[in-house]
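Architecture and fold: a report
As a plain string of letters, each chain reads:
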Amino acid sequence: MKKSFLNFVFLFICTGFLSAQSTTIDIKMQYDEPVRIVYFTYSTPKATIQDSGQLVNNRITFKANVNEATLSSIRVIFNPSQGNKTSRIDNTLNFWIEPGKINLQIKDSAKLTDVKGSKANTEWVKVFNELRPYKTKSIAIAKEFVSAGGNMNPEQFKELMGKKNALRFEERDNVYKKYLVKNPNSPIAVYVLGRYAGDTFYDIDDAWSRYNSLSDKNKNSEAGLYFLSRLENEGQLKLGRMALDFTQNDTLGNPISLSSFKGQYVLLDFWASWCAPCRDENPNVVKAFNQFKDKNFTVIGISLDQPGKHAAWLDAIHKDNLTWTQLSDLKGWANEVAKLYGISSIPQNLLLDPEGRIVAKNIRGEGLIKTLEEIIK
């Protein structure tokens, strides 16, 4: 599950963090159904902040403290007596805020929204409009996956995945790359760079080049400094490098070190009980573990479950039959091992050889079995 930009911002390692500036968000909304509550969420460099309130004469005001352009969201919850309206996707709106005053006008749908006072939001609307044709094609490919269901043969799967990946890079080059070239000083340039580079970096050298082409203001921003830390960390995790050692507690509270597994092939598997894509991937990891556990191979699960969610973590381990070593400090995205390895989305994994060298990264599905067959002779 990809980390939303809200989480992307909240994980910033900001060495130059100053006192945040005040932002006022005035919202006027009109719906046919009575609105029960409105949630507003944004992130600072230290925490994700959520506020809520009720409309008064179709208006509501929220306050935020941010240094620079930050992605935020509102979610509208309707009165239950009007039926189940909370699942409508147009009840959630993502928009950009920045220091100053932001005005939103919503009429019946969060898709029909006028945002004033945010240059960053104006820029993102331009990018979003450029993305529309690719989103339409992506939906069509997704429908092909759904219609094929469980009857899809390997060749069909390979063909659809090829179309999906080709579309991803077409979108990346024709929208994100062009925007970065033309707008190095844009308030959303670092965010666009993150989308262009990918959560696990499609091309680390290219990502460095794009980062260096940003304006000095963007490179020295909180977002820019965090992206730089990701680039530097990724350099430490190149194939062939020695994995960074760590110690973290298992489900019983016992400290377990990575170095204690030296001599085995180890898959470091970053996941969480709340992460649907992780749970979908777990059967593949179980299959790989059962097939190779007698061939000097094991898995170490590193959970990004949140504080107070020890029971949910254990429940997911049992339900998914994850019988290997499981570690977590229950700090969510602030998990110390995840921070050490620069994990910004899950599921992710690293395959280590018996000496502790990184020999493969982010291998999932059938690719996991294939890679293990090739590496573990």
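Residues numbered from 1 in each chain as written. Predicted model: local features only at pLDDT ≥ 70, side-chain atom pairs only at ≥ 80, totals over all residues. Heavy atoms only, no water.

Points about the overall build of the chain
- A count of helices and strands for the chain gives 11 helices and 15 strands.
- Taking 2.2 N^0.38 as the reference for a compact globule, 377 residues should give roughly 21 Å; the C-alpha atoms of the chain span a radius of gyration of 22 Å, in line with that estimate.
- Here the C-alpha coordinates of the chain stretch approximately 65 × 50 × 45 Å along the principal axes.
- By the burial criterion, 47% of the 377 residues in the chain qualify as buried.
- Sequence-distant contacts in the chain: of pairs separated by 6 or more residues, those separated by 24 or more amount to 69%.
- With an accessible surface of roughly 19000 Å², the chain has 49% of that area assigned to carbon and sulfur atoms.
- The averaged location of the 41 negative side-chain charges in the chain is 5 Å from the averaged location of its 49 positive side-chain charges. (Helix = DSSP H or I, 4+ residues; strand = E, 2+ residues; numbered from the N terminus. Rg over C-alpha atoms; globule rule 2.2 N^0.38 Å. Buried < 20%, exposed > 50% of the residue type's maximum accessible area, 1.4 Å probe, protein only. Contact = heavy atoms within 4.5 Å. Areas by Shrake-Rupley, 256 points an atom, 1.4 Å probe, with all protein chains shown as cover. Lys, Arg positive; Asp, Glu negative; His and termini not counted. Charge placed at Lys NZ, Arg CZ, Asp CG, Glu CD.)

Notes on unusual backbone geometry
- In this chain, isoleucine 346 is followed by proline 347 through a cis amide linkage whose omega measures 5°.
- Within the secondary structure layout, proline 347 lies in the loop between helix 10 (336–340) and strand 14 (348–352).
- Although it is not a glycine, asparagine 321 sits at a positive phi angle of roughly 60°.
- Within the element layout of this structure, asparagine 321 appears in the loop between helix 9 (310–319) and strand 13 (325–327).

Considerations on the environment of alanine 223
- When you line up the elements, alanine 223 lands in helix 7 (residues 222–236).
- Alanine 223 sits in the buried class, given a relative accessible area of 9%.

Topic: the nonpolar core
- Core analysis: the biggest nonpolar cluster contains 48 residues, and Leu258, Leu268, Phe270, Phe297, Tyr341 and Ile346 have the highest contact counts within it.
- Those residues in contact with phenylalanine 270 that lie beyond four places of it in its chain are Ile302, Leu304, Val337, Ala338, Tyr341, Ile343, Ile346, Pro347 and Gln348. (Core = buried A, V, L, I, M, F, W, Y, C linked by side-chain atoms within 4.5 Å.)

Section: the state of the cysteines
- In this structure the tally under the stated criterion is one disulfide.
- Shown here is the disulfide that connects cysteine 275 with cysteine 278, its sulfur atoms set 2.3 Å apart. With the S-S dihedral at roughly 75°, the linkage between cysteine 275 and cysteine 278 falls on the right-handed side.
- The buried category is assigned to cysteine 275, whose relative accessible area is 0%. (Disulfide = S-S within 2.5 Å.)

Re the sheet that holds strand 13
- A sheet is described by the order of its strands in space; here five strands give the open sequence 13-12-11-14-15, paired in mixed fashion. This sheet does not close on itself; its edge strands, each paired only once, are strand 13 and strand 15 (358–361). Averaged over all pairs of adjacent strands, the angle between strand axes in this sheet comes to 20°, irrespective of strand direction.
- Two strands pair when backbone bridges link them, and strand 11 (residues 265–271) and strand 14 are joined in this way by five bridges, in the antiparallel orientation. When the sheet's bridge partners are listed, valine 266 is paired in strand 14 with leucine 352. (Pairing = 2+ DSSP bridges. Axes fitted to C-alpha atoms, helices over the stretch in contact; angles between N-to-C directions.)

Observations regarding helix 4 (residues 189–197)
- Judged by how many residues are buried, helix 4 sits mostly within the fold: eight of nine residues are covered.
- Residues of helix 4 that are buried include every one of Ala189, Val190, Tyr191, Val192, Leu193, Gly194, Tyr196 and Ala197, and no others.
- After helix 4 finishes, the residue glycine 198 shows a positive phi value of roughly 90°.

Observations concerning the sheet that holds strand 4 (residues 59–66)
- Strands sit in the order 4-1-7-8 across an open sheet of four strands; the sheet is mixed. If you trace the sheet from one side to the other, it starts and ends with strand 4 and strand 8 (109–116), each paired once. Each strand of the sheet is rotated relative to its neighbour by a mean of 25°, with strand direction disregarded.
- One ladder, built from five bridges, connects strand 7 (residues 100–107) with strand 8; its direction is antiparallel. Each bridged residue has a counterpart across the sheet, and for isoleucine 106 the counterpart in strand 8 is threonine 113.

Remarks on the environment of glycine 263
- Among the secondary structure elements, glycine 263 is positioned in the loop between strand 10 (255–257) and strand 11.
- In the structure, glycine 263 is positioned 93 residues away from glycine 356 in sequence and 7.9 Å away in space, judged by C-alpha atoms.
- In contact with glycine 263, other than residues within four places in its own chain, are Asn296 and Pro354.

Some remarks on the pattern of salt bridges
- Evaluated as defined, the whole model comprises 15 salt bridges.
- Where glutamate 170 meets lysine 137, a salt bridge forms, and the shortest distance between an N and an O atom there is 3.7 Å. Of this pair, glutamate 170 sits in helix 3 (residues 154–182) while lysine 137 is found in helix 2 (residues 119–148), placing the two residues 33 residues apart along the sequence.
- What emerges from the salt-bridge pattern is a single network uniting Arg172, Asp173, Asp206 and Arg210. (Salt bridge = Lys/Arg side-chain N within 4 Å of Asp/Glu carboxyl O.)

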